[in-house]
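Observations on the three-dimensional arrangement
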Protein chains: 2
Amino acid sequence: MRRPTIKDVAERAEVSLKTVSRVINDEPSVQARTRERVRQAIAELGYQPDPSARSLRSAQPYALGLVYDNPNPYYVIAVQNGVLSVCRETGYGLQIHPCDSSSPNLANELIELVQHSRLAGLVLAPPMSERNELVTELIAHGVNLVRIVSAAADPQDGSACVYVDDRDAAYDITEHLIQLGHSRIGFLWGGKSHGSSWERYKGYEDALREYGIPLDAELVVEGDYSFDDGFRGARRLLALPDRPTAIFGSNDEIAAGVLAAAKSSGMNVPYDLSIAGFEDSPFSKQSWPALTTAKQATQDIARHAAHRLLQEIREHAPKASPNEGFSPELVVRGSTAPPRPKA
Amino acid sequence: MRRPTIKDVAERAEVSLKTVSRVINDEPSVQARTRERVRQAIAELGYQPDPSARSLRSAQPYALGLVYDNPNPYYVIAVQNGVLSVCRETGYGLQIHPCDSSSPNLANELIELVQHSRLAGLVLAPPMSERNELVTELIAHGVNLVRIVSAAADPQDGSACVYVDDRDAAYDITEHLIQLGHSRIGFLWGGKSHGSSWERYKGYEDALREYGIPLDAELVVEGDYSFDDGFRGARRLLALPDRPTAIFGSNDEIAAGVLAAAKSSGMNVPYDLSIAGFEDSPFSKQSWPALTTAKQATQDIARHAAHRLLQEIREHAPKASPNEGFSPELVVRGSTAPPRPKA
């Protein structure tokens, strides 16, 4: 069977060879619609760009690296798939490198990874992306990188990043619960090494303040981004004499733990307890009832991060290339409802 | 900060340098207990073997490749983590390559992947591992590989593999339902391109035959290894005039779909309907009620596959190196119970 060539792609997309080459090399000088047509032709033909045919600058390294430390399979797979979609279009491989974000050796570990595996650059997921001394040391060693961080605005510290406005989305979730009539709203933290945990907590706090609801420290429980911590935290909140009528878990895994805790106590969700998560994971759509959450376009975010990394690698981008921001959106489903009237 | 050396590892593990080197190079001539001690020292020190210090034969390629096509994040992450644990001990990187298992171009795609990314070898997950013409072509092109396949015994076709006895475990699940008193037992298929789907169906069929229960084609529904197909299949079975009292979903994702379908019809699981899955995914422990399933040690299976691949790469193994088999085990949880007595 004959392998499709770049010429086949050009014919199918009805563009010049040069245009196909520009799209493959991810150069900015192609119109969005044309780029889409070329990508579609590549996908339909199953065309595989030959990495050795790329520009000399990028001919040596064959792969990008993805660095993460996250217990949530849905998040990790979405990030992988986003970066992979860009790797496919540009002929790069993808090496994955889950790591221990608290390791004091991490900078050396990543510098060696890049050198030994000859990686063209790294995508740093949170929380590694939020350890400034780590990022600084990697850049000082000449490592190309892009960071995915939680922030309301571009940190403008000169490094390439994609930023996600978790605070705003957490505000929206809390406001949704308040507008349903809840005032006793529990909050379960994600891991404190993640910037997103702090941002989500601030969004919760801001909304309570805005609506004049006093913050009750008893309703706030620390923990990690895990099902088990959601279960444990919810059990603690539901055992309070004046228990909350709604619980906001900092991600969908936590919210899944809250749902299990509520059901195991014989509660009817949402009538006895409203539950909200954050992430819009497949679980949030599949649970019964489905979870109110914030839709975080993780795959798109990772895709943009990979594109931003390629700009860094190729130095095609102007000096102050803009960093992109994403805002997760409130998605209301069956797990939230007005509280029962007090008897 | 000083990087730990192989000498530090030897001192901490109280063994010779040669022994550490043998463990790093994955040579078989080290006692299990000693190997464990060395691995622990490596982990505690955060020691990173230098790939260039390995034997000349393996000095060139820096990474293994993992090839999969599976919609289930839990499965994919478990396979990745199993292969990665071996990569870490031996200094290899891991490139991931999700692909379209039905692509006619797949052999070329994988041969190019190996060449361009200079991969030392590939771990093939199902269903690619079960496409014999693909495996043959890759081997003919000198690609080192190991296959993870569903089979009751070593296929003994000369290729390296790890085999999983799905049929036996599916028999056990069906027998468990029969012994609870069920005789109307629905079965929801996984994707037919997966050998495991066929093996699990045969286990179901074998158990029914063994217990003298006639097979009712109406109770068997085709589909894929997905939540949505589980939901759809269950809705169809629950709409039958003489509906099943138990449903066996071919994996936990399917069973999760069955659970959602049952709850959305207001049924009380397990009293109105028993549900069993297959895989022992985190979801199966976290759902309410938790799912009866078969515990499939996916991470261990992948770990053994990676070890087997390294034997192939290093040609240290005797010609007829044994392939290892795994048997998933029945895990009984709250989602299965005796059927309600007929009114």
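All of these numbers come straight from a predicted model, not from anything done at the bench.

Parameters and conventions
- Residues numbered from 1 in each chain as written.
- Chains lettered and ligands numbered in written order.
- Predicted model: local features only at pLDDT ≥ 70, side-chain atom pairs only at ≥ 80, totals over all residues.
- Heavy atoms only, no water.
- Helix = DSSP H or I, 4+ residues; strand = E, 2+ residues; numbered from the N terminus.
- Buried < 20%, exposed > 50% of the residue type's maximum accessible area, 1.4 Å probe, protein only.
- Contact = heavy atoms within 4.5 Å.
- Areas by Shrake-Rupley, 256 points an atom, 1.4 Å probe, with all protein chains shown as cover.
- Lys, Arg positive; Asp, Glu negative; His and termini not counted.
- Charge placed at Lys NZ, Arg CZ, Asp CG, Glu CD.
- Core = buried A, V, L, I, M, F, W, Y, C linked by side-chain atoms within 4.5 Å.
- Domains from an automatic or database assignment.
- Pairing = 2+ DSSP bridges.
- Axes fitted to C-alpha atoms, helices over the stretch in contact; angles between N-to-C directions.
- Phe/Tyr/Trp six-rings, centres within 6.5 Å; stacked < 30°, edge-to-face > 60°.
- Least-squares fit on C-alpha atoms with pLDDT ≥ 70 in both.
- Buried area = accessible area lost by both parts, 1.4 Å probe.
- Polar contact = N/O pair within 3.5 Å; in protein donor to acceptor, adjacent residues only side chain to side chain.
- Nonpolar A, V, L, I, M, F, W, Y, C, P; charged D, E, K, R; others polar.
- Arc of directions from axis to C-beta.
- Right-handed = clockwise from strand over helix to strand, strands pointing away.
- Left-handed = near helix turned anticlockwise from the far one by under 90°.
- Salt bridge = Lys/Arg side-chain N within 4 Å of Asp/Glu carboxyl O.

1. Examining the overall build of chain A
Per the secondary structure count, chain A includes 12 helices and 12 strands. Classification of the 343 residues of chain A by burial places 59% in the buried group. Here the analysis covers contacts within chain A between residues at least 6 apart in sequence; of these, 71% occur between residues at least 24 apart. When the accessible surface of chain A is totalled, it reaches about 14,400 Å², and 50% of it is carbon and sulfur. Taking the average location of the 36 positive side-chain charges in chain A and that of its 44 negative ones, the two points are 6 Å from each other.

2. Focus: the nonpolar core
If you look at the biggest cluster of nonpolar residues, it comprises 60 residues, and the most contacted ones within it are Leu64, Val83 and Leu94 of chain A together with Leu64 and Leu94 of chain B. Non-local contacts of Leu94 of chain B, meaning those with residues more than four positions away in its chain, are made with Leu94, Gln95 and Ile96 of chain A together with Ala63, Leu64, Gly65, Leu66, Gln80, Val83, Leu84 and Cys87 of chain B.

3. Structural notes on the domain arrangement of chain A
As assigned here, chain A comprises domain 1 (6–49), domain 2 (63–165 + 298–327) and domain 3 (166–296). For domain 1 of chain A versus domain 3 of chain A, the distance between C-alpha centres works out to 45 Å.

4. Details of the sheet that holds strand E6 (residues 185–188) of chain A
Residues and elements named next belong to chain A. On the basis of which strands lie adjacent, the open sheet formed by 4 strands has the order E7-E6-E8-E9 and parallel pairing. In this open sheet, the two strands that pair with only one neighbour each are strand E7 (220–221) and strand E9 (274–276). With 3 bridges joining them, strand E8 (residues 246–249) and E9 adopt parallel strand pairing. Bridging across to E9, Ala246 finds its partner in Ser274. Those strands touched by helix H8 (residues 195–210) are E6, E7 and E8, and its axis lies near 165 degrees from that of E6.

5. What about the packing of aromatic side chains?
Here the structure, examined in full by the defined rule, presents 18 aromatic pairs over all chains. Both rings, one in Phe187 of chain A and one in Tyr201 of chain A, keep their centres 5.4 Å apart while their planes meet at 65 degrees; by these two values the pair is edge-to-face. Of this pair, Phe187 of chain A sits in strand E6 while Tyr201 of chain A is found in helix H8, placing the two residues 14 residues apart along the sequence. Like Phe187 of chain A, the residue Tyr201 of chain A is buried in the burial classification. Here the aromatic rings of Trp189 of chain B and Trp198 of chain B are separated by 4.9 Å at their centres, their planes lie at 80 degrees, and the arrangement is edge-to-face. Judged by relative accessible area, Trp189 of chain B falls into the buried class, the value being 5%.

6. Some remarks on the sheet that holds strand E9 (residues 274–276) of chain B
All names here are of chain B. Spatially, E7-E6-E8-E9 is the arrangement adopted by the 4 strands of the open sheet, whose pairing is parallel. Here the strands that pair on one side only, and so sit at the sheet edges, are strand E7 (220–221) and E9. Alignment of strand E6 (residues 185–188) against strand E8 (residues 246–249), held across 4 bridges, turns out to be parallel. Note that in E8 the partner of Gly186 across the bridge is Ile247. The strands that helix H7 (residues 166–179) touches are E6, E8 and E9; relative to E8, the one it contacts most, it runs at about 170 degrees. Seen against the sheet, helix H10 (residues 252–264) touches E6, E8 and E9 and runs at an angle of roughly 160 degrees to E9.

7. Some words on the relation of the copies chain B and chain A
Note on the identical chains: chain B maps onto chain A by a rotation of 180 degrees and an axial translation of 0.0 Å, with an RMSD of 0.1 Å. The superposition operator between the copies reduces to a two-fold rotation axis. If distances are taken from each C-alpha of chain B to the rotation axis, the shortest is found for Gln95 of chain B, at 2.1 Å. Same-surface contact between copies: 98% of interface residues of chain B are shared with the interface of chain A.

8. What to know about the side chain of Asp280 of chain A
Mapped onto the elements, Asp280 of chain A comes out in the loop between E9 and helix H11 (282–286). Sequence-distant contacts of Asp280 of chain A, that is, excluding residues within four places in its chain, are made with Asp252, Lys285, Thr293, Ala294, Lys295, Gln296 and Arg333 of chain A.

9. Considering the interface of chain B and chain A
Between chain B and chain A, the contact holds 42 residues from the first and 41 residues from the second. For the pair chain B and chain A, the summed buried surface comes to about 3,700 Å²; carbon and sulfur atoms form 58% of the total. Looking at the side of chain B facing chain A, the largest losses of area belong to His116, Gln286 and Trp288 of chain B, adding up to 16% of the total buried there. Along the contact surface separating chain B from chain A lie 5 residue pairs in polar contact (both at pLDDT 80 or more). Listing elements by their share of the side of chain B that touches chain A, those giving two or more residues are strand E1 (63–68), helix H4 (73–90), strand E2 (93–98), helix H5 (106–116), H10 and helix H11 (282–286) of chain B. No other element matches H4 of chain B, which puts 8 residues into the side of chain B that touches chain A. Residue composition of the side of chain B that touches chain A, by class: 21 nonpolar, 13 polar and 8 charged.

10. What to know about helix H6 (residues 132–140) of chain B
All names here are of chain B. Of all the residues in H6, the buried ones are Leu134, Val135 and Leu138. Summarising the axial view, the buried residues of H6 lie within an arc of 95 degrees, below the 170-degree limit, and thus occupy one face. In this structure, H6 carries Thr136 and Ala140 as exposed residues pointing more than 90 degrees from its buried face. Looking at the packing, one finds that the buried side of H6 touches H5, strand E3 (119–124) and strand E4 (145–150). A positive backbone phi angle near 80 degrees is found at Gly142, which sits one or two residues after H6.

11. Focus: the pairing of E6 of chain B
Look at any regular strand and the pattern is simple: side chains alternate between the two faces of the sheet. Side chains of E6 of chain B alternate between two faces, with Ile185 and Phe187 of chain B and Gly186 and Leu188 of chain B buried alike. Regarding topology, helix H8 (residues 195–210) of chain B serves as the crossover connection from E6 of chain B to the parallel E7 of chain B, and that connection is right-handed.

12. Observations regarding the packing of helix H5 (residues 106–116) of chain A against helix H6 (residues 132–140) of chain A
For any two helices packed against each other, one specifies the inter-axial angle together with the distance between the axes. Residue and element names in this part refer to chain A. The geometry of H5 relative to H6 is characterised by a closest axis approach of 10 Å and an angle of 35 degrees between their N-to-C directions. Classified by chirality, the crossing of H6 by H5 is right-handed. In this structure, H5 uses Leu106, Ala107, Leu110 and Ile111 to contact H6, whose residues at the interface are Leu134, Glu137 and Leu138. Considering only residue class, the contact of H5 with H6 consists of 6 nonpolar, no polar and 1 charged.

13. A short note on unusual backbone geometry
For residues that are not glycine, phi is negative in most cases, and the peptide bond is trans in most cases. Residues and elements named next belong to chain A. In the segment running from Pro126 into Pro127, the intervening peptide bond is cis, with an omega of 0 degrees. Structurally, Pro127 is set in the loop between strand E3 (119–124) and H6. A positive phi angle, near 45 degrees, is found at Arg118, a position not held by glycine. Not every positive phi belongs to a glycine, and Glu279 is a case in point at roughly 140 degrees. Examined against the element boundaries, Glu279 turns out to sit in the loop between E9 and H11.

14. A look at the pattern of salt bridges
Taken as a whole and judged by the stated rule, the model has 39 salt bridges over all chains. Across the pair Glu312 of chain A and Arg308 of chain A runs a salt bridge whose closest N-O atoms are separated by 3.2 Å. Of this pair, Glu312 of chain A and Arg308 of chain A both sit in helix H12 (residues 298–314), 4 residues apart, roughly one helical turn. Classification of Glu312 of chain A as partly exposed rests on a relative accessible area of 29%. Ionic pairing is found between Glu44 of chain B and Arg12 of chain B, a salt bridge with its closest N-O pair at 2.7 Å. Taken together, the residues span a long stretch of sequence, with Glu44 of chain B in helix H3 (residues 32–45) and Arg12 of chain B in helix H1 (residues 6–13) at a distance of 32 residues.

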